[in-house]
Amino acid sequence: MIVCQLAGFLGSGKTTLLIRLGTFLGNAGRRVAIIVNEIGEIGVDGAVIESDGMKSIELTEGCICCTLSGSLQNTLRQIAREFAPDIIMIEPTGLALPTKIKQIVRTSMIGEDRTFTICLIDAFRARKLFDEAGTFLTRQMEGSDIIVVNKVDLVSHDDKEYVKNLVRYISPSTPLVFISARDGQGIDEVVSLLEEAL
Ligand SMILES: Nc1nc2c(ncn2[C@@H]2O[C@H](COP(=O)(O)OP(=O)(O)O)[C@@H](O)[C@H]2O)c(=O)[nH]1
Ligand SMILES: [Mg+2]
């Protein structure tokens, strides 16, 4: 079993990617559990059909990296015990730091410290986000195993190059993938990196 988290700002496309990855892995015969920490956002309910191999849980009463860290641990333990998934995917709020979630997973003692962190960056808003919250974004990227730049369907080639240079400057060696979670381009690359970790 592996625990995969999706870091990234509100609106960067975490839920959209989560549903795509979950469905893909589910169709490939993996048992997938999804934990979403939405606080007044659009959840996965209805979008993810619970089937034999897929389970989704929403934690909505606070942030899983602070007030709800105990609930996250209990949820992880319960899922591991009762559902025995191949992969647990976690979508924290946009302000969570990957290192904090990793620590919570590690101390939940589910016998599993293999985590995989995807950091999602919104290509469309990248310039603005780096200007306004560069330090925070840098910290989100630092704790990640892959950096995924989303919404490439909305940006020009020059914008893509801009984001690429910026990411490479901050994080020179982390694998970097460009995708559109909406139309599906690049998803196969994310899946193969994830499958390598499974
Ligand atoms: N054009 C485009 N829109 C996207 C893409 N991925 C997500 N979105 C849209 O961006 C918005 C926020 O996506 P969501 O998955 O809820 O982001 P979250 O807040 O990070 O979970 C929604 O309206 C999505 O439909 C993409 O690749 N391209
Ligand atoms: Mg979301």
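Read on for a plain summary of the structure. Just so we're clear, the structure is a prediction, and the values are computed from it rather than from any experiment.

Section: the side chain of Glu91
- The topology assignment puts Glu91 in strand E4 (residues 87-91).
- Summary of buried charges: Glu91 has no salt-bridge partner, and the nearest side chain of opposite charge, Lys14, is 4.3 Å away.
- Excluding anything up to four places from it in sequence, Glu91 contacts Leu6, Lys14, Thr15, Leu18, Ile35, Val36, Asn37 and Glu38.

A few points about the coordination of the magnesium ion (ligand 2)
- Each protein donor to the magnesium ion (ligand 2) is listed here as Thr15 (OG1) and Glu91 (OE); together their distances run 2.1 Å. Remark: Glu91 occurs in strand E4 and Thr15 occurs in helix H1 (residues 14-27); sequence separation between them is 76 residues.
- Here Glu91 falls in the buried class, since its relative accessible area comes to 1%.

Observations concerning unusual backbone geometry
- Unusually for a residue other than glycine, Ala84 sits at a positive phi of about 45 degrees.
- Relative to the helices and strands, Ala84 is located in the loop between helix H2 (69-82) and E4.
- Look at Ala84 and you get partly exposed, because its relative accessible area is 48%.

Side note on the nonpolar core
- Of all hydrophobic cores here, the largest spans 26 residues; its most connected members are Leu17, Leu21 and Ile118.
- At 5 residues, the largest contribution of residues to this core is made by helix H6 (residues 187-197).
- Leaving out residues up to four positions away in the same chain, Leu21 has contacts with Met89, Ile118, Ile187, Val190, Val191 and Leu194.
- Ile64, Leu72, Ile101 and Val105 belong to the second-largest nonpolar core, a separate cluster that totals 19 residues.

Section: the packing of H2 against helix H3 (residues 98-107)
- It is the contact of H2 with H3, at a shortest axis distance of 9 Å, that shows an interaxial angle of 50 degrees. With respect to each other, H2 and H3 are oriented oblique. Here the hand of the crossing between H2 and H3 comes out right-handed. Residue-level contacts link Ser69, Leu72, Gln73, Leu76 and Arg77 of H2 to Ile104, Val105 and Thr107 of H3.
- Taken together, the residues of the contact of H2 with H3 sort by class into 4 nonpolar, 3 polar and 1 charged.

The rules behind these values
Residues numbered from 1 in each chain as written. Chains lettered and ligands numbered in written order. Predicted model: local features only at pLDDT ≥ 70, side-chain atom pairs only at ≥ 80, totals over all residues. Heavy atoms only, no water. Helix = DSSP H or I, 4+ residues; strand = E, 2+ residues; numbered from the N terminus. Buried < 20%, exposed > 50% of the residue type's maximum accessible area, 1.4 Å probe, protein only. Lys, Arg positive; Asp, Glu negative; His and termini not counted. Salt bridge = Lys/Arg side-chain N within 4 Å of Asp/Glu carboxyl O. Contact = heavy atoms within 4.5 Å. Donors = N, O, S within 2.8 Å, 3.2 Å for Na, K, Ca; no water. Core = buried A, V, L, I, M, F, W, Y, C linked by side-chain atoms within 4.5 Å. Axes fitted to C-alpha atoms, helices over the stretch in contact; angles between N-to-C directions. Parallel < 35°, antiparallel > 145°, perpendicular 65-115°, else oblique. Left-handed = near helix turned anticlockwise from the far one by under 90°. Nonpolar A, V, L, I, M, F, W, Y, C, P; charged D, E, K, R; others polar.

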